[in-house]
Amino acid sequence: MLLIRGTAGGTALTGTLYEPGEEPPEFNGAPDEGTPYVWLCDAFYEVESGGQVQSIGDREIRIAFESPMPRGFETRDAAIDAAKEHVRTQFARLGVAGETVDVTVQQAETA
């Protein structure tokens, strides 16, 4: 299991990439069985009212979360590339330029 984390403006977003042999969570909308790599991460967007207050840089904004949308991939490289793009896109939805997002990939510690 890999953790793919983006940081920018004093906040972070981390998603999980499940690799072959690992069991991703099962719920409505999960990719078909047999997909070797499954990416799962929150998605969100800025709202005028409601939502959750989040500090990014020197401003406070309100964000609303979408249901996580798991995505399946055939190769590790394709999954990591898509995960990095997803993280950058989430920050861009909040007005943070994608190129300013620091994205790291690390092996998750297992119990």
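Below, the structure is looked at part by part. (Residues numbered from 1 in each chain as written. Predicted model: local features only at pLDDT ≥ 70, side-chain atom pairs only at ≥ 80, totals over all residues. Heavy atoms only, no water.)

### Some details on the overall build of the chain
Part 1 of the reasoning: Of the regular secondary structure elements, the chain holds one helix and eight strands.
Part 2 of the reasoning: Its helices and strands in sequence order give the chain the pattern β-β-β-β-β-β-β-α-β, from N to C terminus.
Part 3 of the reasoning: Taking 111 residues into account, the globule formula puts the C-alpha radius of gyration at 13 Å, and the chain, at 15 Å, falls close to it.
Part 4 of the reasoning: Counting all 111 residues of the chain, 35% fall into the buried class.
Part 5 of the reasoning: A separation of at least 24 residues holds for 57% of the contacts in the chain among residues at least 6 apart in sequence.
Part 6 of the reasoning: Of the roughly 6700 Å² of accessible surface on the chain, 44% is carried by carbon and sulfur atoms.
Part 7 of the reasoning: For the chain, the centre of its 8 positive side-chain charges and the centre of its 19 negative side-chain charges are spaced 6 Å apart. (Helix = DSSP H or I, 4+ residues; strand = E, 2+ residues; numbered from the N terminus. Rg over C-alpha atoms; globule rule 2.2 N^0.38 Å. Buried < 20%, exposed > 50% of the residue type's maximum accessible area, 1.4 Å probe, protein only. Contact = heavy atoms within 4.5 Å. Areas by Shrake-Rupley, 256 points an atom, 1.4 Å probe, with all protein chains shown as cover. Lys, Arg positive; Asp, Glu negative; His and termini not counted. Charge placed at Lys NZ, Arg CZ, Asp CG, Glu CD.)

### Section: the packing of aromatic side chains
Part 1 of the reasoning: Under the defined criterion, the tally for this structure stands at one aromatic pair.
Part 2 of the reasoning: Ring geometry for Phe44 against Phe65: centres 5.7 Å apart, planes inclined by 70°, an arrangement best described as edge-to-face. Of this pair, Phe44 sits in strand E4 (residues 43-47) while Phe65 sits in strand E6 (residues 59-66); the two residues are 21 residues apart in sequence, bridging distant segments of the chain.
Part 3 of the reasoning: According to the relative accessible area criterion, Phe44 is buried, its value standing at 6%.
Part 4 of the reasoning: For Phe65, a relative accessible area of 41% corresponds to the partly exposed category. (Phe/Tyr/Trp six-rings, centres within 6.5 Å; stacked < 30°, edge-to-face > 60°.)

### Regarding the pattern of salt bridges
Part 1 of the reasoning: In the structure shown here, the tally under the stated rule is two salt bridges.
Part 2 of the reasoning: The closest approach of N and O atoms between Glu19 and Arg76, which form a salt bridge, is 2.7 Å. Taken together, the residues Glu19 in the loop between strand E2 (11-18) and strand E3 (37-40) and Arg76 in helix H1 (residues 76-92) connect sequence positions 57 residues apart.
Part 3 of the reasoning: Glu19 sits in the buried class, given a relative accessible area of 13%.
Part 4 of the reasoning: Arg93 is the salt-bridge partner of Glu66, the closest N and O atoms lying 2.9 Å from each other. Placement of Glu66 in strand E6 and of Arg93 in the loop between H1 and strand E8 (102-107) is noted, with a sequence separation of 27 residues between them.
Part 5 of the reasoning: In this structure Glu66 comes out as partly exposed when scored by relative accessible area, which is 33%.
Part 6 of the reasoning: Judged by its relative accessible area of 34%, Arg93 is partly exposed. (Salt bridge = Lys/Arg side-chain N within 4 Å of Asp/Glu carboxyl O.)

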